[in-house]
Amino acid sequence: MTATDPRADLRLCLQSARDALLWKLEGLSEYDVRRPLTPTGTNLLGLVKHAAGVELGYLGEVFGRPSGEPLPWLEDGAEPHADMWATAEESRERIVELYRRAWAHADATIDALPPDTVGRVPWWPDGEDEVTLHRAVVRVLADTQRHAGHADILRELLDGSVGMRKDNVGVPPGDPAWWEAHRDRLERAAREADRNA
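What you see is a predicted model; the values in this text were computed from it and never measured.

Quick notes on the rules
- Residues numbered from 1 in each chain as written.
- Predicted model: local features only at pLDDT ≥ 70, side-chain atom pairs only at ≥ 80, totals over all residues.
- Heavy atoms only, no water.
- 1 Å grid on protein atoms, 1.4 Å probe; cavity = no way out; pocket = protein on both sides within 12 Å on 5 of 7 lines; lining within 4 Å.
- Points joined across faces, edges and corners; volume = space filled by probe spheres on them.
- Nonpolar A, V, L, I, M, F, W, Y, C, P; charged D, E, K, R; others polar.
- Phe/Tyr/Trp six-rings, centres within 6.5 Å; stacked < 30°, edge-to-face > 60°.
- Helix = DSSP H or I, 4+ residues; strand = E, 2+ residues; numbered from the N terminus.
- Buried < 20%, exposed > 50% of the residue type's maximum accessible area, 1.4 Å probe, protein only.
- Lys NZ or Arg CZ within 6 Å of the ring centre and 35° of its normal.
- Core = buried A, V, L, I, M, F, W, Y, C linked by side-chain atoms within 4.5 Å.
- Contact = heavy atoms within 4.5 Å.
- Patch = residues over 30% accessible without salt bridge, like charges linked within 9 Å, V, L, I, M, F, W, Y side chains within 5 Å.
- Areas by Shrake-Rupley, 256 points an atom, 1.4 Å probe, with all protein chains shown as cover.
- Salt bridge = Lys/Arg side-chain N within 4 Å of Asp/Glu carboxyl O.
- Axes fitted to C-alpha atoms, helices over the stretch in contact; angles between N-to-C directions.
- Parallel < 35°, antiparallel > 145°, perpendicular 65-115°, else oblique.
- Left-handed = near helix turned anticlockwise from the far one by under 90°.

Peer 1: Which residues make up the layout of surface pockets, and what are the values?
Peer 2: Counted as a void, the largest pocket has a volume near 410 Å³. Gly-53, Gly-57, Glu-61, Leu-74 and Trp-123 are the residues nearest the centre of the largest pocket, which is lined by 16 residues in total. Residue classes in the lining of the largest pocket are distributed as 8 nonpolar, 5 polar and 3 charged. The space that makes up the second largest pocket amounts to roughly 210 Å³. Taken together, 11 residues line the second largest pocket, and the ones lying closest to its centre are Glu-156, Gly-160, Val-162, Val-171 and Trp-179. A per-class count over the lining of the second largest pocket returns 6 nonpolar, 3 polar and 2 charged.

Here is the structure:
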């Protein structure tokens, strides 16, 4: 086994999560990428918008490398959770391109600074607001993977599409009848466990 560059490993995993998150938008209508699918309003395009802000914050501003991208939904006085949904005026293309620019800016920060570089997170409490670049990248990676998982579930609810990529869904093959029988089996097991509790 050959040693790898830890930064390259982090970037590879982060890019995989980024790509998975964007793949969840492919082929869907404007309505479906925006519509709230949970009681708290979680939606696909909002997850992408949020992820862009996270990258620009943690892997830009925190290390004195502001991107210059206007993010009005993160300014003081902005509506709560405005980063988690897209207005009718914010096009899918605009948000996706913002996210791609956020990647480029974040990757430039990762490449420019040593992993032990210390940054300051202005939205964390005073005295607890320092973070190394390595930890910030891990945090962004974890956040992006978490939201890619959210997006995977939302997309499955919309049209049955699952997985990280079109060519690697990561679930066993099965036609709709097989999946229905599988789900019914799980339902029976859950009910039996509940009765026996």
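Still to come is the rest of the account.
Peer 1: Explain the packing of aromatic side chains to me, using residue names and the numbers behind them.
Peer 2: The geometry of an aromatic ring pair comes down to the distance between the two centres and the angle between the two planes. According to the stated counting rule, one finds 4 aromatic pairs in the structure shown. On the basis of an interplanar angle of 75° and a centroid distance of 5.3 Å, the ring pair of Tyr-99 and Trp-103 is categorised as edge-to-face. One end of the pair is Tyr-99 and the other is Trp-103, both in helix H4 (residues 92–112) and 4 residues apart, which spans about a single turn. For the pair Tyr-99 and Trp-103, one class covers both residues: buried. Judged by centre distance (4.6 Å) and plane angle (90°), the ring pair of Trp-178 and Trp-179 falls under edge-to-face. Three or more aromatic residues link up through ring pairs in this structure, and these residues are Tyr-58, Trp-123 and Trp-124. In this structure, Lys-49 is placed above the aromatic ring of Trp-73, and the distance from its NZ or CZ to the ring centre is 4.4 Å.

Peer 1: Before we move on, could you go through the nonpolar core and cite the residues and values that matter?
Peer 2: One finds Leu-21, Leu-22, Leu-25, Leu-44, Val-48 and Tyr-99 to be the most contacted residues of the largest nonpolar core, which totals 25 residues. Mapped onto this core, the elements with two or more residues apiece are helix H1 (6–23), helix H3 (44–58), H4 and helix H5 (133–159). The biggest single contributor to this core is H3, with 7 residues. With sequence-adjacent residues up to four places away left out, Tyr-99 is seen in contact with Arg-18, Leu-21, Leu-22, Val-48, Ala-51, Ala-52, Glu-55 and Thr-144.

Peer 1: Lay out a nonpolar patch on the surface in plain terms, naming residues and giving numbers.
Peer 2: On the surface, Val-171, Trp-178 and Trp-179 cluster together into a nonpolar patch covering about 270 Å² of accessible area. Looking at where Trp-178 falls in the secondary structure, it is placed in helix H6 (residues 176–196).

Peer 1: Tell me about the packing of H3 against H4, residues and numbers included.
Peer 2: The N-to-C vectors of H3 and H4 enclose an angle of 30°; their axes lie 9 Å apart at closest approach. It follows from the interaxial angle that H3 and H4 lie roughly parallel. Between H3 and H4 lies a crossing of left-handed hand. Side by side, H3 and H4 meet where Leu-45, Val-48, Lys-49, Ala-51, Ala-52, Glu-55 and Leu-56 of the first sit next to Arg-92, Ile-95, Leu-98, Tyr-99, Ala-102, Trp-103, His-105 and Ala-106 of the second.

Peer 1: Tell me what's going on with the pattern of salt bridges, and back it up with residues and numbers.
Peer 2: A full pass over the atoms with the stated rule returns 14 salt bridges. In this structure, the salt-bridge partner of Glu-90 is Lys-49, at a minimum N-O distance of 2.8 Å. Pair noted here: Glu-90 is in the loop between H3 and H4 and Lys-49 is in helix H3, with a separation of 41 residues, a long-range link. Comparing Glu-90 with Lys-49 shows no difference in burial state: the two are buried.

Peer 1: Outline the packing of H3 against H5, supporting the account with residue identities and numerical values.
Peer 2: In contact at an axis separation of 10 Å, H3 and H5 are set at 175° when each is read in the N-to-C sense. Relative to H5, the element H3 lies roughly antiparallel. Judged by residue contacts, Leu-44, Leu-47, His-50, Val-54, Glu-55 and Tyr-58 of H3 engage Ala-136, Arg-139, Val-140, Asp-143, Thr-144, His-147, His-150, Ala-151, Leu-154 and Leu-158 from H5. For the contact of H3 with H5, a count of residues per class yields 9 nonpolar, 4 polar and 3 charged.

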